[in-house]
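# Observations on the three-dimensional arrangement
Read off the chains here:
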Amino acid sequence: MLIRRPPAFALRDNAVTPQSAWLNRRHVLAALAAAGGSLALPERAAARGAPPQDAFAPLKSTPTAYTVADPPTPWEAVTTYNNYYEFGTGKGDPARRSGRYVTRPWSVTVEGEAHKTGTFALEDLIDFNALEERIYRHRCVEAWSMVIPWVGVPLGPVLHRFAPTSHARFVQFFTRWERKNMPGTFWPVLKWPYREGLRLDEAMHPLAFLAVGVYGRVLPNQNGAPLRLVVPWKYGYKSIKSIDRIVFTRNQPQTSWNMSNPREYGFYSNVNPHVDHPRWSQASERVIGPQTGLAGALARRKTQMFNGYGDAVARLYAGMDLRKYH
Ligand SMILES: Nc1nc2c(c(=O)[nH]1)N[C@H]1C(S)=C(S)[C@@H](COP(=O)(O)O)O[C@H]1N2
Ligand SMILES: [Mo]
């Protein structure tokens, strides 16, 4: 077995921005892969144990079917233009106000229709030696979009390990509610703790992803540290952040946005250019970047059905009226 020394790109380097470090690393990885090198081993060994504090070791390569070719939205926009109402409703609030929120150590409680329930440490839930990178389109219901390089693992196999019972048809997720460090939750803007849900077959779909990082680094708080859902064919609010509870249910579970306004936010929330939000069109979207936030959001593109993932996910909704079940 060939053991390589960890390449320089595995080390933290404050002199480069995360995005340029990431682009370099991808470059080197591609070159090594082309040269037929086995490159993952030393870094994986180094990463064993506690999750890394900052940059992750090189990641398991991901089948390109799960990665879009579009250039990722710059790191600066991904980490400063956020929706995370626990920290405020302004796009800049999560980055500015989430600093005191502590996400280590972390555990997740699993309840409901499953044979293996209980409370699990993050490291027991996620195999930090088997992380993948997936570059997904991200489409907010507010009609803007990004392309984000997530780091994580597919959701399905994680849920499978809890052995859902034959009665389990849905799965619900909750965000940790830490009142004192979540200034946005002093107001009942939404039903706290933030909650979301999927039908179990949606959750088991290979595109559904649990992210622990972005741009090769541990998730910043504003992006949902330490563990968040990513469901790329649905509007962004389904992709719940900072998950601390998972409940398998028989019936369709409550979701925060649906509870706040069921007419505007359905349970399914699949990206659909033909079903407008009651207050605005979903036919097109603002593309965020290259600069941060609104200043960069000048480009527009047409919204794609299921956010462009229709070939993979349309079968989940065969025979359903997607206007009624929006
Ligand atoms: N707990 C929690 N999760 C959340 C939200 C939130 O307010 N609270 N906002 C959602 C919305 S509307 C979007 S668009 C995405 C934004 O993810 P990002 O900031 O990492 O791009 O997170 C989703 N997850
Ligand atoms: Mo959103």
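Remember, predicted model here, so these are calculated numbers, not experimental data.

Moving on: the packing of aromatic side chains. Considering all chains together, one arrives at 20 aromatic pairs under this definition. With a centroid separation of 6.0 Å and an interplanar angle of 50°, the aromatic rings of Y237 and W257 are classed as tilted. A residue pair is termed long-range when its members are at least 10 positions apart, and Y237 in the loop between β9 (228-230) and β10 (243-249) and W257 in helix α8 (residues 256-260) qualify at 20 residues. You can call Y237 buried: its relative accessible area is 9%.

Here we take up the pattern of salt bridges. The full count for this structure, using the stated rule, is 15 salt bridges. R137 is the partner of D70 in a salt bridge, and the nearest nitrogen-oxygen pair spans 3.0 Å. Within this pair, whereas D70 is found in the loop between α2 (41-47) and α3 (75-80), its partner R137 is found in strand β3 (residues 132-140), the two being separated by 67 residues in sequence. A relative accessible area of 23% places D70 in the partly exposed class. For R137, a relative accessible area of 13% puts it in the buried group. Between E285 and R301 there is a salt bridge, with its nearest N and O atoms 3.2 Å apart. Of the two residues, E285 is situated in strand β11 (residues 284-287) and R301 in strand β12 (residues 299-302); the sequence distance between them amounts to 16 residues.

Rules and cut-offs
Residues numbered from 1 in each chain as written. Chains lettered and ligands numbered in written order. Predicted model: local features only at pLDDT ≥ 70, side-chain atom pairs only at ≥ 80, totals over all residues. Heavy atoms only, no water. Phe/Tyr/Trp six-rings, centres within 6.5 Å; stacked < 30°, edge-to-face > 60°. Helix = DSSP H or I, 4+ residues; strand = E, 2+ residues; numbered from the N terminus. Buried < 20%, exposed > 50% of the residue type's maximum accessible area, 1.4 Å probe, protein only. Salt bridge = Lys/Arg side-chain N within 4 Å of Asp/Glu carboxyl O.

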